[in-house]
Amino acid sequence: PAPAPTRPAPPPPAPPVVDRTALLGRAAELDRLRAAATRAGTPGPQVVLVSADAGVGKTTLVEAFRAELAAGGWVTVVGRCPEAEGAPPGWPWREIVTSLTAAHPPAPELADRLAPLLDAGPVTPDRTFWLATAVADLLASRTATAPVLVVLEDLHRADGESLQLLRTVAGSLAGQRLLVVATLRPAEAGDDLTATFAALAGPIGDRIELAGLDPDSVAELLRRNGSGALTAEQVARVVDRTDGNPLFVRETARLAAAEGWGTAATAVPAGVRDVLRRRLARLPAQARTVLRQAAILGRDVDVDTLLALVGAAGEDEALDALELGVLSGLLTEPDAGRVRFAHVLVRDTLYEDMPRLRRTRAHAAALAAVSTVRPGDRSALAHHALAAGAAVDPARAVVLASDAARAAAAAGAHRQAAELWAAVADRADSAGLDREARLDVLCAHVSALAHSGATGPAVRRRAEALDLALAAPAVPDDVLVRVVTCYDAPVSWTLRADNTVDTRLVEVLDGLLARVPADRVAARVRLLTSLVFEIEGEQEERVRELTAQALALTEGAAADTGAGPALRCLALNARFYAIFGPDLWHEMKGVGTELVEVATRAGLPGYRAQGLHLLFMDAASERDLDAAQRHVDDAVAAAPGGQLGFTLGWSAIFSALRALVAGEFDAAAAGYAEIGARLEAGGVTNAGLIALLGGLAVAHARGRIDDQLVAVLGMVHERAPVEAAEAYALALVLAGDLGRARQVWRPDVPQRRTYYWQLGMAMRAETAVALGDREVAGECYDALQPWAGTFAGLSSGTVTLGPVDESLGRLARLLGLPADEHFRAAAALARGLGAHHWAARAEAALAAR
């Protein structure tokens, strides 16, 4: 038979056509986004930040880019950080995970790990740590088949858990074609977001700052929104009054179409809210009422909840109002069952134009609606209960807010938990809470503040709780234990303002340790470590004894599945304060290694970051600055949100130290000053002293000091004449005021054997040489000789006065001892570290013999 005719192969499908005419004036920004997409995966994920004020077009740009990538085969997902209070922690990642798993369900094991994010599984205190790895694994599985774009809208509103997930995802998927594009308003970026950007310095490939549209684009946007033919003068006036802000331009065009150019010409920049009010006024009264009720629920509105709020009798009118809102461009429909205000300013205008009395009652009605439709939404229930004020029974508001605070803390959103506990504490009187309930609230607030990094406020809140507890005629020991140990976050920095010991707290802790039986291991470990954190730096011998007891009680606990690993981490954390001085420094590496291993196995990222801090200090003491830097980078990646600010702080301090070592004095001085101010603003106790010590170290390396630093150190000396004597005396020596230096110097006071002992002894040695005090010089020489071959203070990872051998050489000359070998050793050490300025100084001293 004749062969069947062959059919020609079908032509390949034409590539999808992307409408590029919809986006105006953003060609350069689109090209930068495309370039980031090309870079994604080499070597790892790319993060692009798109920032601008409200209405400039961040979302429009990103949506156009997202459509382009989707047409090119990318998997694209969007997570929106809610523009109103009351959303559960991690909400944008909940949207992202839901979208990714809807079409391609993950393997059962991965689905179980993701379940807590979707409220489909148990919530544990270390939830964020495990969820971050699960989300990273989910994205890795998707990038194996196609590149993935993740859009995070309104990142300035992100909670702590969302930011932690972003850091883990962006920092852990090496080689994966993942692009994260985040939009934000820079003026609303808080400390947590700033710290996150610092931690993501590597993955952040571009920062696109949008400006207003050019005149041609403004003219086209006006025409698209019904303005018709326009004169050049009219376009110029709109450009001038709107600064090219697309939202303002569109609203001006709509107003002009409705009321004419005479009215529109004066509406902006008198306020886009005025323009929106005019548009809203054109809607039927019933539609305006429904939109106001929707605004109570936030920018994103669950339709079922809104219908419950308006009641069954008004359901049809509500749906008509929503339809009208969509048709008029005030609302969008991102998915079924949900509407979204087209811009947050639309929602805010409706919300803020309501009188306060009506607004509080509307929140009370919203609380009833959410209780019916979404009774498990703790965050929304608490938000409406608190916003309702007197319209909701205070006792009920306290119950709902407490429940939401506990859920937020369990999810790692400690800053949100702290805000909720503060609101609960403010309502304690009106809610009629008894003493025990108030103590529970205060202790929970302390924990949330501590985990969010607010050290100072947490310590002050703990003092309030202790005041309340001791005001009772008889206080059960269990209550006191709970109060004095409620600061339960990793301790990386002193908790004491101005290094002042809280003698009352110490007395209570001592009494409890004398009464709490030995078989109550957990209570005793917490009491021992709480006492350590209060007396560290003051009673070194006792700190050694207390931490040895805590380690003995937790021996073998690291392998437990219950609270054992956390207790072991707490004991190891406290042991750091016993070994950071010169006498037990040999334990530093072992304690740090064990702390990292136990914390990693138990999923306790805060303690892991603290362990890496110990390993960093050990590497610095060995003059291995590259290894120290690796530990710094690992700690930044591991640190949870509340600890991130401090971790970035000592990372930045180390950068300033490396600049000092390299002889980059201006950069070092600026770095110390900036980080001291940043840490102090973040609530880190005594952080400002870092700037002073760093500035003094830079001045010493330069051989000169400015009058302002001397004056500031003088003010510190007035507050703490003994503690600041060494630094102030050295500053006066550098300034040439030897008489005043002799007056303030206190060589009779023994140097505390902390991690600044070497630094303090080196300062004392410098002053002794300058003042010609042979007796003190002899004491310094004997004390520093075992530390030859090191750099004074370098083990702290913060500041250094240079090679100890140089100080030994100066002391030896004053004492009439051989000094040349000391200076030769100092020069060799400095050259080995790349510190050529110290090498040159030592060689000059050698030549000047």
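Residues numbered from 1 in each chain as written. Predicted model: local features only at pLDDT ≥ 70, side-chain atom pairs only at ≥ 80, totals over all residues. Heavy atoms only, no water.

A. View of the pattern of salt bridges. All chains considered together, the criterion is met by 46 salt bridges. In this structure, arginine 461 engages glutamate 464 in a salt bridge whose closest nitrogen and oxygen atoms are separated by 2.7 Å. One end of the pair, arginine 461, and the other, glutamate 464, are both in helix α22 (residues 455–470), three residues apart, so they sit about a helical turn from each other. For arginine 810, the salt bridge goes to glutamate 806, with nearest N and O atoms at 2.7 Å. (Salt bridge = Lys/Arg side-chain N within 4 Å of Asp/Glu carboxyl O. Helix = DSSP H or I, 4+ residues; strand = E, 2+ residues; numbered from the N terminus.)

B. Region of interest: the sheet that holds strand β6 (residues 300–302). Spatially, β6-β8-β7 is the arrangement adopted by the three strands of the open sheet, whose pairing is antiparallel. Looking at the sheet topology across the chains shown, the edges are occupied by β6 and β7 (331–335). With direction set aside, neighbouring strand axes in the sheet form an average angle of 35 degrees. Where β6 and strand β8 (residues 338–341) come together, three bridges link them in antiparallel fashion. The residue bridging aspartate 302 from the neighbouring strand is arginine 338, located in β8. Each of β6 and β8 touches helix α14 (residues 303–310); the most contacted strand, β6, lies at about 70 degrees to it. (Pairing = 2+ DSSP bridges. Axes fitted to C-alpha atoms, helices over the stretch in contact; angles between N-to-C directions. Contact = heavy atoms within 4.5 Å.)

C. Summary view of the side chain of glutamine 751. For glutamine 751, the position within the fold is in the loop between α36 (738–744) and α37 (757–771). Side chain to side chain, glutamine 751 and glutamate 726 meet in a polar contact 2.8 Å long. In contact with glutamine 751, not counting residues within four places along its chain, are Glu726, Trp757, Gly760, Met761 and Arg764. (Polar contact = N/O pair within 3.5 Å; in protein donor to acceptor, adjacent residues only side chain to side chain.)

D. Expanded view of the packing of aromatic side chains. For the coordinates displayed, the defined rule picks out nine aromatic pairs. Aromatic pair phenylalanine 576 and phenylalanine 580: ring centres 5.3 Å apart, planes at 90 degrees, arrangement edge-to-face. The class for phenylalanine 580 is buried, based on a relative accessible area of 4%. Between phenylalanine 616 and phenylalanine 654, the ring centres sit 5.0 Å apart and the planes meet at 85 degrees, which makes this aromatic pair edge-to-face. Separated by 38 residues along the polypeptide, phenylalanine 616 in helix α29 (residues 605–621) and phenylalanine 654 in helix α31 (residues 641–661) bring together distant segments of the chain. With respect to burial, phenylalanine 616 and phenylalanine 654 carry one shared label: buried. A network of ring pairs unites the aromatic residues Phe533, Phe576, Tyr577 and Phe580 as a single cluster. Sitting over the face of the ring of tryptophan 757, arginine 753 holds its NZ or CZ atom 4.7 Å from the ring centroid. (Phe/Tyr/Trp six-rings, centres within 6.5 Å; stacked < 30°, edge-to-face > 60°. Buried < 20%, exposed > 50% of the residue type's maximum accessible area, 1.4 Å probe, protein only. Lys NZ or Arg CZ within 6 Å of the ring centre and 35° of its normal.)

E. Fine view of the nonpolar core. The biggest cluster of nonpolar side chains holds 163 residues, and the ones touching the most others in it are Leu660 and Tyr672. Beyond its immediate chain neighbours, meaning those up to four positions away, leucine 660 contacts Phe665, Ala668, Tyr672, Ala697, Val698, Ala701, Thr800, His837 and Trp838. One finds Val47, Cys81, Val97 and Leu131 within the second-largest nonpolar core, a separate group that totals 39 residues. (Core = buried A, V, L, I, M, F, W, Y, C linked by side-chain atoms within 4.5 Å.)

F. The arrangement of the environment of valine 301 in detail. For valine 301, the location among the structural elements is in strand β6. The spatial distance from the C-alpha of valine 301 to the C-alpha of alanine 285 is 20 Å, given a sequence separation of 16 residues. Setting aside residues up to four positions removed in sequence, valine 301 forms contacts with Ala294, Leu306, Gly337, Arg338, Val339 and Phe341.

G. Representation of a negative patch on the surface. Together, Asp304, Glu315, Asp316, Glu317, Asp320, Glu323 and Glu333 make up a region of like negative charge exposed at the surface. The biggest single contributor to the negative patch is helix α15 (residues 315–327), with five residues. Here glutamate 315 lies in helix α15. Look at glutamate 315 and you get partly exposed, because its relative accessible area is 34%. (Patch = residues over 30% accessible without salt bridge, like charges linked within 9 Å, V, L, I, M, F, W, Y side chains within 5 Å. Areas by Shrake-Rupley, 256 points an atom, 1.4 Å probe, with all protein chains shown as cover. Lys, Arg positive; Asp, Glu negative; His and termini not counted. Charge placed at Lys NZ, Arg CZ, Asp CG, Glu CD.)

H. Structural view of helix α7 (residues 191–199). Inspection of α7 places Leu193, Ala195, Thr196 and Phe197 among the buried residues, and these make up the whole buried set. As for α7, its buried residues are in contact with β1 (46–51), α6 (160–172), β4 (178–184), β5 (204–209) and α31.

I. Looking closely at the environment of leucine 152. Positionally, leucine 152 belongs in strand β3 (residues 148–153). Spatially, the C-alpha atoms of leucine 152 and valine 62 are 9.9 Å apart, while their sequence positions differ by 90 residues.

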